[in-house]
Amino acid sequence: MRETSEAHMAKQDRPLGRRSLLSGAAAVAGGAAVSTALPASAQAAPRSAAAMAAATAVDTATTPDYITVQPGDPRFPDLVRGINQRWVADPDYVRLVTTTGQAVRAVQDAVAAGKRLTVRSGGHCYEDFVFNKDVQVVIDMSGMTRVYYDEGRNAFAVEGGASNLQIYETLYKLYGVTLPAGSCASVGAGGHISGGGYGLLSRLHGLTVDHLYGVEVVTVDRNGTARAVVATRDSGDERLRDLWWAHTGGGGGNFGLITRYWLRSPGATGTDPSKLLPKPPSEVFVHATAFPWKDMTEASFTRLLQNWGTWHEQNSAPDSKYNSLFGLLKLNQKASANSEIVLLTQMDATVPNAQALLDDYLAAVSAGVGVTRRAMTQRAGEHAAMPQFAKPRTLPWYIATDYLSGGNPTLYGKYKSAYARKGFSAHQIKAMYKHLTRTDYSNGDALLQVDSYGCRINSVKPGDTAVPQRDSVLKLQYQTYWTNPADEAKHLAWIREFYQEVYAETGGVPVPNEINDGCYVNYPDKDLGDAAWNTSSTAWNSLYYKDNYARLQKAKATWDPKNVFRHAQSVRLP
């Protein structure tokens, strides 16, 4: 089970302006304050104990058996692919489950038959870890989407198929709380949380997994028996605690099938659900501005990147007055005369002197750049022509429906990631400028996005969760998208050459040093394990997990000794 996203506000499942929670609101240029407060009439009361007991009882007796979808079923083409159209599988069947009991049986059936299985939550895995030529059974979590307060565990339960938007809507509307998770609404909880998770509120409230209390996982023992196991951070059994810890950043598809999480912030006391997770700001500033590429020289680009790095070095301590500010610097490829570098920002509008703080930040980032910031413009044809449909194109019904409601089923993509402990080196900035302005490659859907990081994220020790990167101030995501599968080679060549040159000083990958700090497991990149693109002596698992990998291997040996849950970059048995 692999899910990506987080705060990248990226071109993850549709072009800019159609892709994320912030991008729609961010069309409000200037410092518009957007209220997130609900009127009193919309504040729903927490569920009663009787109601919750009835809800949890559904799992055992009243739900019909799981659904099996096989080739020939009209639904099959929709269920064997994810968001990234590069990856389509041809399994023997897809099994949709709605309860933990069904999930156990689905895993048991596949194991007993000797079939290779994978798990799908929201379908956002960037690589072919779920949908590949070897998979014979896909277990689909689309039917497990409940989000509710679990009175028995005094925590919020989130089933593995729930999306970010479902989580946010339920937690906020019913209880006034939130989770510092990703910005892409459709990403599924299953892989997103297990990979670490971060979002626009993470500088203020930490990573998603910093609030993980427990996890329910379907595991397979040495005898090939599937069973559901619950592990929490309070587990007295070291093996159970290791299983919980492995899901605080170890990534999906490694240890078992995740049926549900329980979320409660460390240090939260009492039984009032409205005090068990962070509260979001009642109002936030959402700001969007752009630097036109036509006015940008290499010197001005360098100054902008230096400013961005320096500001984050100086304003990323846990208790910084800017810990509620999250910025996204979108270094779009210079594909046309109208191309822009875009800066999106969200910040708590209720902190003291909020407007002045925002103004000072914008001034610091643009100081000396010599390019006038302007309101972000709509890209040509963004909501008008659809050239990919100039000729009729056959698509599965649900994918076509998703596109017409705002998705884009035609996108193929490749992604890479890095953490940065400080601003970029002169070599790195020069390489970024070179590849973003190359004249032999022109793609309006190619970019490097550099996100704000640090603050409360860095108040946790590297070994307290499986996420070891706890002193970075920036997070990078390299992205390119295309619609014609015949063009794949040129797009892969661009992003690979771009990334390799930025990190040429450390073997083509961001080996941890005073600037770099490895890669993000929720932005998986199989190139990290390819000697053609990683010429360093640092393996892909060290780039993701650093010193935490040995403990993850220990959990793997305990809970998945038959290596049932595996993919190209899964945690290896020791």
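The chain is annotated in an unreviewed UniProt entry as FAD-linked oxidase from Streptomyces longispororuber. Of the chain, the UniProt comment under Cofactor (unreviewed entry) reads exactly: "FAD".

### Overview of the pattern of salt bridges
What the rule picks out here adds up to 33 salt bridges. We note a salt bridge from E488 to R86, for which the minimum N-O separation is 3.3 Å. On the criterion of sequence distance, the pair formed by E488 in helix α13 (residues 488–502) and R86 in the loop between α3 (76–79) and β3 (93–96) is long-range, its members being 402 residues apart.

### Some remarks on the sheet that holds strand β8 (residues 212–220)
Read across the sheet, 5 strands follow the order β6-β7-β10-β8-β9 without closing on themselves; strand pairing throughout is antiparallel. Both outer strands of the open sheet, β6 (147–150) and β9 (226–232), are each paired with one neighbouring strand and no more. Strand-to-strand twist in this sheet, taken as the mean axis angle between neighbours without regard to direction, amounts to 25°. Sheet topology note: the strand β7 (residues 155–159)/strand β10 (residues 257–263) ladder contains 4 bridges and is antiparallel. Within the sheet, the bridge partner assigned to A157 lies in β10 and is W262.

### Digging into unusual backbone geometry
The phi torsion of most residues other than glycine is negative, and most of the peptide bonds are trans. For N154, which is not a glycine, the phi torsion comes out positive at approximately 50°. For N154, the position within the fold is in the loop between β6 and β7. In this structure, N353 is a non-glycine residue whose phi angle is positive, near 60°. As for its position among the elements, N353 is in the loop between β13 (340–348) and α10 (354–366).

### Considering the packing of helix α12 (residues 426–436) against α13
Remark: α12 packs on α13, axes separated minimally by 8 Å, with the N-to-C direction vectors making an angle of 165°. When the axes of α12 and α13 are compared, the pair comes out roughly antiparallel. Between α12 and α13 the crossing geometry is right-handed. Between α12 and α13, the residues in contact are H427, Q428, A431, M432, K434, H435 and L436 and W494, E497, F498, E501 and V502, respectively. For the contact of α12 with α13, the residue count by class is 6 nonpolar, 3 polar and 3 charged.

Scoring rules and cut-offs
- Residues numbered from 1 in each chain as written.
- Predicted model: local features only at pLDDT ≥ 70, side-chain atom pairs only at ≥ 80, totals over all residues.
- Heavy atoms only, no water.
- UniProt positions renumbered as here; feature names shortened; annotations may be inferred.
- Salt bridge = Lys/Arg side-chain N within 4 Å of Asp/Glu carboxyl O.
- Helix = DSSP H or I, 4+ residues; strand = E, 2+ residues; numbered from the N terminus.
- Pairing = 2+ DSSP bridges.
- Axes fitted to C-alpha atoms, helices over the stretch in contact; angles between N-to-C directions.
- Parallel < 35°, antiparallel > 145°, perpendicular 65-115°, else oblique.
- Left-handed = near helix turned anticlockwise from the far one by under 90°.
- Contact = heavy atoms within 4.5 Å.
- Nonpolar A, V, L, I, M, F, W, Y, C, P; charged D, E, K, R; others polar.

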